[in-house]
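Secondary and tertiary structure notes
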Amino acid sequence: MMLFALIMAGVVEGIGLTALLPLLQKAIDLPKGSSTENLSSSGADSFITSALSYVGISATVGSLLTVIMIGAILRSLLILIANRKVGYTVAHVATDLRLALLRALLSTRWGYFLGQQVGSMANAAGTEVMRASSAYLHAATALAMAIQAFAYFVVAMLVSWKITLLFMSVATLVLVLLYKMVSKAKRAGRKQTKLLQSLLARLSDSLQSLKAFKAMGRENLADELLSTNTMKLNKALRKQVLSKAVLRGIQEPLLTLLVIVGLYLMLVYLKMDLPKVMVLIFLMARMLNETGKVQRKYQDVAICESAYWSLQEKINKAQQHNEPQGGDKKATLEHGITIDHVYFGYGEQMILRNASLEIPGKTFTSIVGPSGAGKTTLVDLITGLFHPEKGTVRIDGTPLPELDLRSWRRMIGYVPQDTILLHDSIFINVTLGEELLTGEDVEYALKSAGAWDFVSEMAEGMQTTVGERGAKLSGGQRQRIAIARALIHRPHLLILDEATSALDPDTEAAICQTLKELRGQLTILAISHQAALVDVADRVFQISSGEIKLVTDHSKIKEASIDMDHLR
Ligand SMILES: Nc1ncnc2c1ncn2[C@@H]1O[C@H](COP(=O)(O)OP(=O)(O)OP(=O)(O)O)[C@@H](O)[C@H]1O
Ligand SMILES: [Mg+2]
């Protein structure tokens, strides 16, 4: 649609301009413009005069001016339509790219996602999308200008093809010589794409650990890391601005010089008719002006283009690492979860070796083991974030790969080891924006998680904002909000990964009491070193050296924790 409107604009303008030559001839021969005499010669002027006489209008100054006028108005209208389309399309391109990136990222395999840097992804969704869509805008504008330039070219060819070709060849030579500036800008753009990516990745990393940096008086280290990148970025930006300025600064006078030399040649050497010379010079000046602009716009495209490719690469890679959605069996959890002779490692490093365990449905199971033993990894195998290299994970007897993964995960309430909350209200942090959940549901969940006391005391209650990553709450308060978030969906399986590690014994005991009451309604799997959570469990397993052992005797747990201390 855009292209069609632009081409039509070019055609209309071309037709309008063919009236120039007969107009000037008439104006010079008969200044009053009242004659109906047909001054046709070959080419451009004969076309419009015969077209006018075909519809019964004589080629007077008035009618020719009207043709030019109508051509100009129609051209503006068509360009307006095209630009409107460009606007819509640019917004569309930006939205599509952003959504494609987000969707691809959200559905990647967990192992792939862990290898990505949040800052670099945020940069892709923000800066790179903007630059990519402006590359599109520049390309569309360049195309519009190229079509305009072509319209001038065609009309000029009708007036005098020899002069036009000569002009165009010299102009092309000028543009080719100036291409260096385009490549320079392209390189600067590519550098910026890379630098922005690493700068934002660093920035988000450093800002997330700023507390530790600041508390140790080491924020200057973060500053140094960032400012090196920022200075490099500054240099790339300078190069970009410079190459743009140089291109414009050299291109404009050169093309003007070309027009002046052309004018001189036509008037003095070729002794051409004044009307013809005037029309040709007018057309050449416009054509060269538009062609110069095409090159400058192309330079803008070259600057931004690398952002598009970088973005596209991220989308493609993420799509290649798409997480399989498993089979089509609906998940149930009545009988329990079985880990059957499972082997798993990250790369070379084996974490679980021949590990087996049974978690009967509606029971409370605890897992203990030294740090780095593979407890979180085991949970990741149950939630299907990772898959065993050998052996099977079964849910109610069905191997996990045969289950509809999403239906299985929607049965799980998961409290991760590192509680990170959204910078939003407690209400949103618990419901995660699920619209069906009400204030009563949130209150129930907060009460079950032992969080109601402190939330109800806050001035804004559950509408209180928790700050960046939940920083306005204490560690234990964050944990309880995370437990409420897991409980509100009334899960069939509740997984607590060190979920009470930051709580005082009384609060922890209160949560254990809730969990005790929940036992029988749902399956609970708690990873913990805390005695309270271990005591309340029906079964306790210990992971060490890649193996899982059932520990039923509480005295043995104490031994196990002595072992753990030893291992640490
Ligand atoms: N994504 C990963 N890539 C590579 N190695 C990993 C990854 N995640 C964990 N590991 C390694 O696997 C081992 C087990 O990690 P895991 O998080 O399961 O331990 P854990 O028992 O939960 O420890 P903790 O009690 O400290 O939470 C560790 O040695 C860890 O370095
Ligand atoms: Mg862990």
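Predicted model only: the values in this text are computed from it and were never measured.

1. Brief notes about the packing of aromatic side chains
Under the defined criterion, the tally for this structure stands at eight aromatic pairs. Taking the centre distance of 5.4 Å and the plane angle of 20° together, the rings of Trp110 and Phe113 count as stacked. On the criterion of helical spacing, the pair formed by Trp110 and Phe113 is a turn pair, its members being three residues apart in helix H5 (residues 110-114). For Trp110, a relative accessible area of 30% puts it in the partly exposed group. Measuring from ring centre to ring centre gives 6.3 Å for Tyr264 and Tyr269, while their planes differ by 65°; the resulting arrangement is edge-to-face. For Tyr269, a relative accessible area of 62% gives the class exposed. Put simply, the rings of Phe344, Tyr346 and Phe386 touch in pairs and so form one group of aromatic residues. Positioned over the ring face of Tyr343 is Lys390, at 4.6 Å from the centre of the ring. When the ring centre of Tyr444 is taken as origin, the NZ or CZ atom of Arg490, which lies over that ring, is 3.9 Å away.

2. Here's the deal with the sheet that holds strand S9 (residues 539-544)
Spatial ordering of the open sheet is given by S6-S7-S8-S3-S9-S10, a layout of six strands whose pairing is mixed. Two strands lie at the open edges of the sheet, namely strand S6 (412-415) and strand S10 (547-551), each paired on one side alone. Shown here is a sheet whose adjacent strand axes are inclined to one another by a mean of 20°, direction ignored. As defined by bridge partners, S6 adjoins strand S7 (residues 493-497) across four bridges and the pair is classed as parallel.

3. A look at the coordination of the magnesium ion (ligand 2)
Distances from the magnesium ion (ligand 2) to its protein donors, Thr376 (OG1) and Gln417 (OE1), fall within 1.9 to 2.3 Å. With Thr376 in helix H12 (residues 375-382) and Gln417 in the loop between S6 and helix H14 (426-431), this pair connects stretches of sequence that are 41 residues apart. Overall, Gln417 belongs to the partly exposed group, its relative accessible area being 38%.

4. Section: the nonpolar core
Ile426, Val430, Leu446, Ile481, Leu496 and Leu515 are the most contacted members of the largest nonpolar core, which totals 42 residues. The element contributing the most residues to this core is helix H17 (residues 475-487), with six residues. Not counting residues within four places of it along the chain, the set of residues in contact with Ile426 comprises Leu446, Val455, Met458, Gly461, Met462, Thr464, Val466 and Ile481. Ranked by size, the runner-up nonpolar core spans 41 residues in total, among them Leu20, Val61, Val155 and Ile281.

5. Some thoughts on the site of ligand 1
The local shell around ligand 1 holds 13 residues, among which Ser371, Lys375, Thr376, Thr377 and Gln417 are the closest. With respect to ligand 1, the backbone of Ala373 contributes an N or O atom lying 3.2 Å from an oxygen atom. At 2.7 Å from an oxygen atom of ligand 1 is found a side-chain nitrogen or oxygen belonging to Lys375. Compared with its free state, where it exposes 630 Å², ligand 1 has 66% of that area covered by protein. Put simply, the parts of the chain that give the shell around ligand 1 at least two residues each are strand S2 (349-360) and H12. Per-element accounting of the shell around ligand 1 gives the leading share, three residues, to H12. A breakdown of the residues in the shell around ligand 1 according to their chemical character gives five nonpolar, seven polar and one charged.

6. Description of the confidence of the model for the chain
Any residue range with low pLDDT should be treated as having predicted coordinates unsuitable for detailed reading. Looking at the chain as a whole, its pLDDT mean stands at 86, while 94% of the residues score no less than 70. Note that pLDDT drops below 50 for residues 31-42; the model gives that stretch 21 contacts with residues more than four away or on any other chain. Every residue in residues 553-568 is under pLDDT 50, and counting partners more than four places away or in other chains gives 13 contacts.

7. Looking at a positive patch on the surface
A contiguous patch of positive charge, built from Lys180, Lys184, Arg187, Arg190, Lys191, Lys194, Lys235, Arg238 and Lys239, is present on the exposed surface. Mapped by element, the contributors of at least two residues to the positive patch are helix H8 (179-208) and helix H10 (219-269). Broken down by element, the residue count for the positive patch peaks at six residues, all from H8. Assignment of secondary structure puts Lys235 in helix H10.

Calculation notes
- Residues numbered from 1 in each chain as written.
- Chains lettered and ligands numbered in written order.
- Predicted model: local features only at pLDDT ≥ 70, side-chain atom pairs only at ≥ 80, totals over all residues.
- Heavy atoms only, no water.
- Phe/Tyr/Trp six-rings, centres within 6.5 Å; stacked < 30°, edge-to-face > 60°.
- Helix = DSSP H or I, 4+ residues; strand = E, 2+ residues; numbered from the N terminus.
- Buried < 20%, exposed > 50% of the residue type's maximum accessible area, 1.4 Å probe, protein only.
- Lys NZ or Arg CZ within 6 Å of the ring centre and 35° of its normal.
- Pairing = 2+ DSSP bridges.
- Axes fitted to C-alpha atoms, helices over the stretch in contact; angles between N-to-C directions.
- Donors = N, O, S within 2.8 Å, 3.2 Å for Na, K, Ca; no water.
- Core = buried A, V, L, I, M, F, W, Y, C linked by side-chain atoms within 4.5 Å.
- Contact = heavy atoms within 4.5 Å.
- Near = heavy atom within 4 Å.
- Polar contact = N/O pair within 3.5 Å; in protein donor to acceptor, adjacent residues only side chain to side chain.
- Areas by Shrake-Rupley, 256 points an atom, 1.4 Å probe, with all protein chains shown as cover.
- Nonpolar A, V, L, I, M, F, W, Y, C, P; charged D, E, K, R; others polar.
- pLDDT = per-residue confidence, 0-100.
- Patch = residues over 30% accessible without salt bridge, like charges linked within 9 Å, V, L, I, M, F, W, Y side chains within 5 Å.
- Salt bridge = Lys/Arg side-chain N within 4 Å of Asp/Glu carboxyl O.
- Lys, Arg positive; Asp, Glu negative; His and termini not counted.
- Charge placed at Lys NZ, Arg CZ, Asp CG, Glu CD.

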